[in-house]
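Secondary and tertiary structure notes
Residues per chain are reported as follows:
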Amino acid sequence: MGNTEQNVEKLLPLTPAVFAILLALADQERHGYGIMQELALRTDGKLRMGPGTLYGSIKRMLADGLIRESGERPDPTLDDERRRYYRLTDFGQRVAQAEARRLEQLVHVAQSKRLLPEGGGIGGNR
Amino acid sequence: MNPLPPDARRSQARAEQFYRLLLHLYPVAFRRTYEREMLLAFRACYRDLLQQSHPHERLRFWSMIAFDLGITVCSERLRSCVAFCKRLLGRERNYLMASALLRLDVAALTDRGLTRDANEDTLISVVPPDTQTMQQKGALFVVADGMGGHTMGEVASDLAVTTIRETYYQNPENDTLTALRQAVEQANETIVQRNETLRTREEASRWMGTTCVAAVLKDDRVYIANAGDSLAYLIRDQEVLQLAQNHSWEVEQVRLGAMTLEEAKAQGKGNVITCCLGDTLELEVYAATEQAQDGDILVLCTDGLHGLIGEEEIRAIVQQYGPEESAARLVARANESGGPDNITAVVARISLAA
């Protein structure tokens, strides 16, 4: 249940917070603060998420089966507090891909209307 | 990571205290599940902030926190309000049934204690990996405290949990509580039959028996079956519900109205129990069921734990820590109190989709 293509479409478009969390977890499992760090790092600190937005989204993503808790353990790079780690489910991965394709399509539209240069170069300060 | 200078540490402690207060604005269930993790994330972010010297970074940080809090407190409150209305209208149940709602976070631990030579407690925790079995039969937890000479208690408690697991998952009976009770009865029968083969006096010293408390979590209900003095607690907010029937002689006298607990304790019968698996085929297994709520914590344990640590302390520990940490702390507390018996605890945090 909850894993058909139809169900993938039903969740789109994702909220920015949900998509950002999926992206942060795409390459490895992370704890809450790890997700925040990854986001800040990838967006040069432009995108910041507070604890409330983060855990509110996590709660709904768990219920939707996008992510799963993968145990509690300390992070050796921080301190010896145990932290809850999260990882992407297969379903979460498919949803993230579908959302990325949807956004890609919109980028193509922007390019065809000359809002963006063709073939990458997103970022705009060049 | 570099240690912070003292004034930074003070500032950190103040900020954390303030944020902890603010977290009280969230609905209780949300706070219970995520308070600790949110505080940890906040602490780490605040640490990052202290390592930057820009004064306007602080302003930016606190306005981000205030904005985040304002928006998410409103949305969580709204959601819990909607969930409450659905419950009033009786619509939540269907939704729950339709969506593989039950999620469990479980830890289980058993320990010899400090004075016993062997561990005669046994536990199992079964969370079926496939959705179908989970929906039809649910997750099963059993704790058993064996007794008998020549460490036969170990054999008895092991036989009980194995039989219960096999019988329960193979039983085609649709009524969960009946299936669970039958599984415990089957375990009793198996041990009674085993005891009946003991004929000589020499053999009779190999008599064995065991207490047992079995719990099934399925959809949004908890099902309990037990015999003896191993118990099951459902912990919800400030409440502690004891779901099993305690068949200790002392508690039985109080239940029968024969004496007060103080009078019963004065009889010095210590840990005598009035029934267990392995004694007689006439055993009456106690069975009960209870509605679970999101955020409830189920604790199963032997008297090596609940005989030493009060319900209130058990509640405080499992609500403060995750299941794994809780189980470890419960066992450690029992050992700190002398650890006179084997100690076993299963801690399961129940999440229901809402």
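Residues numbered from 1 in each chain as written. Chains lettered and ligands numbered in written order. Predicted model: local features only at pLDDT ≥ 70, side-chain atom pairs only at ≥ 80, totals over all residues.

1. Some details on the overall build of chain A
Along its length, chain A carries five helices and three strands. Traced from its N-terminal end to its C-terminal end, chain A shows the element sequence α-α-β-α-α-β-β-α. The buried share among the 126 residues of chain A stands at 29%. (Helix = DSSP H or I, 4+ residues; strand = E, 2+ residues; numbered from the N terminus. Buried ≥ 20, exposed ≤ 12 C-beta atoms within 10 Å, placed from the backbone.)

2. Some remarks on the overall build of chain B
Broken down by element type, chain B carries 13 helices and eleven strands. Here chain B, with 354 residues, has 39% of them falling under the buried criterion. Contacts in chain B between residues at least 24 apart in sequence constitute 69% of all its contacts with a sequence separation of at least 6. (Contact = placed C-beta atoms within 7 Å.)

3. Let's talk about the interface of chain B and chain A
At the interface, 24 residues of chain B touch 22 residues of chain A. Elements represented by at least two residues in the side of chain B that touches chain A include exactly α2 (28-50), α3 (55-88), β1 (102-111) and α13 (323-336) of chain B. By residue class, the composition of the side of chain B that touches chain A is 13 nonpolar, four polar and seven charged. (Nonpolar A, V, L, I, M, F, W, Y, C, P; charged D, E, K, R; others polar.)

4. Section: helix α12 (residues 311-320) of chain B
Residue and element names in this part refer to chain B. For α12, every residue scored as buried is listed here: I314, I317 and V318. The arc that holds every buried residue of α12, seen down its axis, measures 90°, which confines them to one face. What points out from α12, more than 90 degrees from its buried face, is the exposed set E312 and Q320. In this fold, the buried residues of α12 make contact with β7 (231-236), β10 (297-301), α13 and β11 (343-352). (Arc of directions from axis to C-beta.)

5. Side note on the environment of B:T211
Its location among the elements puts B:T211 in the loop between β4 (208-210) and β5 (212-218). Sequence separation between B:T211 and B:G228 is 17 residues, and the spatial gap between their C-alpha atoms is 4.6 Å.

6. Looking at the sheet that holds strand β8 (residues 239-242) of chain B
Residues and elements named next belong to chain B. With respect to topology, five strands assemble into an open sheet ordered β1-β11-β10-β7-β8, the strand pairing being antiparallel. Each edge of the sheet is formed by a strand with only one pairing partner; in this case those strands are β1 and β8. Direction aside, neighbouring strands of the sheet carry axes that sit 20° apart on average. Sheet topology places β7 next to β8; four bridges connect them, and they run antiparallel. Among the inter-strand pairings, L234 is bridged to a residue of β8, identified as L241. Of the strands in this sheet, β7, β8, β10 and β11 touch α12, which is tilted by about 55° from β7. (Pairing = 2+ DSSP bridges. Axes fitted to C-alpha atoms, helices over the stretch in contact; angles between N-to-C directions.)

7. Re helix α3 (residues 32-42) of chain A
The complete set of buried residues in α3(A) reads A:G32, A:Y33, A:G34, A:I35, A:M36 and A:L39. Buried-residue contacts for α3(A) involve α2 (16-25), β1 (30-31) and α4 (51-64) of chain A together with α2 of chain B. Taken from the residues just after α3(A), A:D44 is the one with a positive phi, measuring 50°.

8. Focus: unusual backbone geometry
Residue and element names in this part refer to chain A. Here L12 and P13 are connected by a cis peptide whose omega angle stands at -10°. Counting through the fold element by element, P13 comes out in the loop between α1 (5-11) and α2. Here D44, not a glycine, exhibits a phi torsion of approximately 50°, which is positive. Among the residues examined, D44 registers 7 C-beta atoms within 10 Å and is labelled exposed. In this structure, R114 takes a positive phi of about 65° despite not being glycine.

9. Concerning the environment of B:R221
Residues and elements named next belong to chain B. As for its position among the elements, R221 is in strand β6 (residues 221-227). Separated by 72 residues in sequence, R221 and Q293 have C-alpha atoms that sit 8.4 Å apart. Discounting residues that sit within four places of it in the chain, R221 has contacts with T289, E290, Q291 and A292.

10. Quick notes on the confidence of the model for chain B
Residues and elements named next belong to chain B. Taken as a whole, chain B shows an average pLDDT of 89; of its residues, 95% reach a score of 70 or greater. Within chain B, the element-level pLDDT minimum falls on helix α4 (residues 92-98), averaging 39, and the maximum on β10, averaging 97. With pLDDT under 50 throughout, residues 92-99 is counted as low confidence; its partners more than four residues away or in other chains account for ten contacts. Across the interfaces of the predicted complex, the ipTM metric reaches 0.84, alongside a pTM of 0.56. (pLDDT = per-residue confidence, 0-100.)

11. With respect to the sheet that holds strand β2 (residues 67-74) of chain A
Residues and elements named next belong to chain A. In spatial order, the strands read β1-β3-β2; together these three strands make up an open sheet with antiparallel pairing. Pairing within the sheet leaves two strands with one partner each, and these edge strands are β1 and β2. Bridge count for β1 against strand β3 (residues 82-88) is two bridges, and the pairing is antiparallel. Paired with R30 across the two strands is Y86, which belongs to β3. The sheet strands contacting α2 are β1, β2 and β3, and the helix crosses β3 at an angle near 95°.

12. As for the pairing of β5(B)
Residue and element names in this part refer to chain B. The element β5 is largely enclosed, with a buried count of six among its seven residues. Sheet topology note: the β5/β6 ladder contains seven bridges and is antiparallel. Residue L217 lies in a different strand from β6, and its bridge partner there is V222. Here β5 folds back onto β6 in antiparallel fashion, the turn holding two residues, of which D219 has a positive phi close to 50°.

13. A word on the nonpolar core
If you look at the biggest cluster of nonpolar residues, it comprises 70 residues, and the most contacted ones within it are B:A214, B:A215, B:L298, B:V299 and B:A345. B:L298 has contacts with B:A215, B:L217, B:V222, B:A232, B:L234, B:A348 and B:I350, leaving out every residue within four places of it along the chain. One finds A:L66, B:Y26, B:F42 and B:C45 within the second-largest nonpolar core, a separate group that totals 33 residues. (Core = buried A, V, L, I, M, F, W, Y, C linked by C-beta atoms within 7 Å.)

14. Re the packing of α2(A) against α4(A)
Residues and elements named next belong to chain A. Running from amino to carboxyl end, α2 crosses α4 at an angle of 80°, the nearest separation of the two axes being 10 Å. Classified by the angle between their axes, α2 and α4 sit roughly perpendicular to one another. Contacts between α2 and α4 involve A17, V18 and I21 from the first element and T53, S57, I58 and M61 from the second. Classifying every residue of the contact of α2 with α4 gives five nonpolar, two polar and no charged. (Parallel < 35°, antiparallel > 145°, perpendicular 65-115°, else oblique.)

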